[in-house]
Amino acid sequence: MTTPLIAATNLVKEYGRSRVVDGVSLEIFPGETLGLVGESGSGKSTVARMLLRLIEPTSGEIRLQCGDADLDLCAASSAEMCRLRRRLAIVFQDPYAALDPRMTVRQTLSEPFAIHGEKPSQGVAARLRELLGEVGLDESALGRYPHEFSGGQRQRINIARALALRPELLVLDEPVSALDVSVGAQVINLLRDLQQRYGLTCLFISHSMPLVRYLCDRVVVMQRGRVVESGTWSEVCDAPRELYTQQLLAATPELPIVDG
């Protein structure tokens, strides 16, 4: 296997006397989707936010492959992290809270370009239309505000924004848990199509084993801040070793996702 795009070693996060992540290590390789699964409160989202340096680890190491360079994200300065941000993107759980209600879709999708110093141009305008097409929305959406869209459409806009600068790592933090089942299935099918079309490298966070089975190449199972099991999706989903993993599989029903 190739060198990991991003690798975390012995990540720890403490809040006061509470240790919410306890020695987590994982690797994500170019072009794969790694599933990070566990019940609420297991530390999944905290790990994801540490990988992106949205929160600081208490201890541990995060390495990001940048061409021939191997960067220590934990040692990166604020200026260095600002430059690296365009390589890392996240889609949050709540499609309603993630969008500024005062901004049109055009403003929302233009924001990443402005933040990273790309001035408005015909090229950016064309990219906005392309982004909407990639997530199944019409360019007429550009002049509209978030309240004019359904939850599923808002999450499509969030996905388009995350893809705007063609990031190398896309974190999907329970992206369908706030949607009803049928709408969530449509968004999951969109994500799978984008994976296959662009060879995205993703960290997919979920409490749903069927979603992990559908989208992920490998799986890391977390319980109470620790990794308790990991392997390919077939190893973890078809032949789980840990009782906790078996319980997760039993607790989540199959979803109405239709290929194609």
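Here's what I pulled together on the structure shown here. (Residues numbered from 1 in each chain as written. Predicted model: local features only at pLDDT ≥ 70, side-chain atom pairs only at ≥ 80, totals over all residues. Heavy atoms only, no water.)

From N to C terminus, the protein includes nine helices and ten strands. Taken over C-alpha atoms, the radius of gyration comes to 18 Å for the protein, in line with the 18 Å a tight globule of 260 residues would show. Projected onto the principal axes, the alpha-carbon positions of the protein cover approximately 50 × 45 × 40 Å. Taking the intrachain contacts of the protein between residues at least 6 apart in sequence as the baseline, contacts between residues at least 24 apart amount to 67%. Looking at the protein as shown, the accessible area adds up to about 12300 Å², and 49% of this sits on carbon and sulfur atoms. On the protein, the mean spot of the 28 positive side-chain charges and the mean spot of the 32 negative ones are 5 Å from each other. (Helix = DSSP H or I, 4+ residues; strand = E, 2+ residues; numbered from the N terminus. Rg over C-alpha atoms; globule rule 2.2 N^0.38 Å. Contact = heavy atoms within 4.5 Å. Areas by Shrake-Rupley, 256 points an atom, 1.4 Å probe, with all protein chains shown as cover. Lys, Arg positive; Asp, Glu negative; His and termini not counted. Charge placed at Lys NZ, Arg CZ, Asp CG, Glu CD.)

Next up on the list: the side chain of serine 206. Locating serine 206 in the fold gives a position in strand β8 (residues 202-206). Discounting residues that sit within four places of it in the chain, serine 206 has contacts with Leu36, Val37, Gly38, Lys44, Glu174, Leu211 and Val212.

Taken together, six strands build an open sheet; the order of strands is β6-β7-β8-β3-β9-β10 and the sheet is mixed. Edge positions in the sheet fall to β6 (88-91) and β10 (226-232), since each has one partner strand and no second. Across this sheet, the average inter-strand angle for adjacent strands is 15°, counted without regard to direction. Contacts between helix α5 (residues 151-163) and the sheet are confined to β6 and β7 (169-173), with β6 contributing the most and set at about 175° to the helix. (Pairing = 2+ DSSP bridges. Axes fitted to C-alpha atoms, helices over the stretch in contact; angles between N-to-C directions.)

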